[in-house]
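Here is what each chain is made of, one letter per residue.
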Amino acid sequence: MIETKVLSNRQVSKDFYLMKVAGSYQAQMGQFCMLRAWDEVPVLSRPISIYDVDEEGISFLYKVVGQGTEIFANLKEGADIRIDGPYGNGFPNVSGKIALVGGGIGVAPLYYTAKQLKAAGNQVDCYLGFTDESLMVEEYEQVADKVVINIGGYIVDDVPVEKYDYIFTCGPKIMMQVLADKVKGSNAKLYVSMENRMACGAGACLVCTCKTSDGNKKVCKDGPVFLAEEVFFHA
Ligand SMILES: Cc1cc2nc3c(=O)[nH]c(=O)nc-3n(C[C@H](O)[C@H](O)[C@H](O)COP(=O)(O)OP(=O)(O)OC[C@H]3O[C@@H](n4cnc5c(N)ncnc54)[C@H](O)[C@@H]3O)c2cc1C
Ligand code: FES
């Protein structure tokens, strides 16, 4: 566990915040960290995807939904915060034409992913879906070849899956499942990032288990990224 300081923490939209934390981090695209900024309550640290990493620190884009994220939202510059991780397998390093498809706060891991894939010379298009208000669009435009936004509709409808070699997605399970159905029969390989509820975040408690064609898997350790064709979304 790293004990460190908040460098900045700003509201970017209603209920959404971007927090940057000091330190030197080696992270794979699609990994997450366990964060806590309290001693005893709530008991568990909270899993948050890596939004970005640079020479000053690591950033997290998060939505306030409950006690833990409310505490994060109130952290000021210089506040203490503890980080475990980075954890998880992350998205694979692939080459080709790549679409990144995010829904809601599921867009969070796709920024660093786009940045890394683009830096490696790939074509990277982002498809980002939101319920009522878009988020950080200019930032995604800086790291992708193309950004398609859908507000209030179905972002999966906007993705021409046959144009891509690989598609990475993160967001509501139903969105990822519909995308998985759409990809069937095309040449695109789809990887999904599952955000099951977690407790330990490190492979010890089985709270995050998901069913796959290869048996039960721990989302925190074996994932959070899986090949879509291996995941039983509703099991
Ligand atoms: C691998 C992973 C990566 C994640 N990345 C991000 C991220 O980048 N940004 C972000 O904002 N959130 C992310 N989350 C979700 C985030 O961990 C939860 O929103 C957070 O733990 C809620 O804590 P809380 O104390 O504020 O709310 P709680 O009081 O714990 O819960 C409030 C409400 O949110 C629901 N909830 C909590 N966790 C989840 C979950 N995992 N899935 C669905 N509903 C949940 C609860 O059922 C409850 O209704 C991620 C989760 C995982 C597993
Ligand atoms: S959260 Fe404990 S095993 Fe995954």
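Residues numbered from 1 in each chain as written. Chains lettered and ligands numbered in written order. Predicted model: local features only at pLDDT ≥ 70, side-chain atom pairs only at ≥ 80, totals over all residues.

## Concerning the nonpolar core
In terms of nonpolar packing, the biggest core is built from 70 residues, with L100, A114, C126 and I167 touching the most fellow members. Mapped onto the domain boundaries, this core takes at least three residues apiece from domain 1 (2-87) and domain 2 (97-230). (Core = buried A, V, L, I, M, F, W, Y, C linked by C-beta atoms within 7 Å. Buried ≥ 20, exposed ≤ 12 C-beta atoms within 10 Å, placed from the backbone. Domains from an automatic or database assignment.)

## Re the pairing of strand β3 (residues 32-36)
Within β3, five of the five residues are buried, which leaves the element mostly enclosed by the surrounding structure. Neither face of β3 is open: one carries F32, M34 and R36, the other C33 and L35, and all of them are buried. Sheet topology note: the β3/strand β4 (residues 46-49) ladder contains four bridges and is antiparallel. In the strand pairing of β4, C33 is matched with I48. Relative to strand β7 (residues 80-87), β3 is paired through four bridges, and the arrangement is antiparallel. Within β7, the position partnered with L35 by the bridge is I83. (Helix = DSSP H or I, 4+ residues; strand = E, 2+ residues; numbered from the N terminus. Pairing = 2+ DSSP bridges.)

## Structural notes on helix α4 (residues 173-183)
All of the buried residues along α4 are M175, M176, L179 and V183. Projected down its long axis, α4 shows its buried positions confined to an angular sector of 95°, all on one face. Among the exposed residues of α4, those pointing more than 90 degrees away from its buried face are I174 and D181. Of the surrounding elements, those touching the buried residues of α4 are β8 (97-103), β11 (166-170) and β12 (189-193). Immediately downstream of α4, the backbone of G185 shows phi near 90°, a positive value. (Arc of directions from axis to C-beta. Contact = placed C-beta atoms within 7 Å.)

## Observations regarding the sheet that holds β8
Strand order in the open sheet formed by six strands is β10-β9-β8-β11-β12-β15, with mixed pairing between adjacent strands. Strands with a single pairing partner mark the edges of an open sheet, and in this sheet they are β10 (146-151) and β15 (225-227). Taking the axes of each pair of neighbouring strands and ignoring which way they run, one obtains an average angle of 20° across the sheet. Judged from the seven bridges that link them, β8 and strand β9 (residues 123-130) form a sheet pairing that is parallel. From the neighbouring strand, G103 faces β9, where its bridge partner is G129. Where α4 meets the sheet, it contacts β8, β11 and β12, and its direction lies at approximately 170° from that of β12. (Axes fitted to C-alpha atoms, helices over the stretch in contact; angles between N-to-C directions.)

## Quick notes on the sheet that holds strand β1 (residues 2-13)
Hydrogen bonding along the main chain pairs the strands of a sheet, whether they run parallel or antiparallel. The strand order across the open sheet built from seven strands is β4-β3-β7-β1-β2-β6-β5, with neighbouring strands paired in antiparallel fashion. Two strands close off the open sheet at either side, each with one partner strand: β4 and β5 (52-53). The pairing of β1 with β7 spans four bridges and is classified as antiparallel. Paired with K5 across the two strands is D80, which belongs to β7.

## Let's talk about the site of ligand 1
Taken together, 21 residues surround ligand 1, and among them S49, G66, G68, T69 and A108 come closest. The biggest single contributor to the shell around ligand 1 is β4, with four residues. Split into classes, the residues belonging to the shell around ligand 1 amount to eleven nonpolar, six polar and four charged. Each of domain 1 (2-87) and domain 2 (97-230) accounts for three or more of the residues forming the shell around ligand 1. (Near = placed C-beta within 6 Å. Nonpolar A, V, L, I, M, F, W, Y, C, P; charged D, E, K, R; others polar.)

## Details of the domain arrangement of the protein
Structurally, the protein comprises domain 1 (2-87) and domain 2 (97-230). Here the C-alpha centre of domain 2 lies 21 Å away from the C-alpha centre of domain 1. Listed by partner, the interface residues are 20 residues for domain 1 and 18 residues for domain 2. Looking at side-chain class alone, the side of domain 1 that touches domain 2 contains twelve nonpolar, four polar and four charged residues.

## Some thoughts on the environment of E139
As for its placement among the helices and strands, E139 is situated in helix α3 (residues 137-143). Note on E139: 18 C-beta atoms within 10 Å, which makes it partly exposed. In the structure, E139 is positioned 77 residues away from N216 in sequence and 37 Å away in space, judged by C-alpha atoms.

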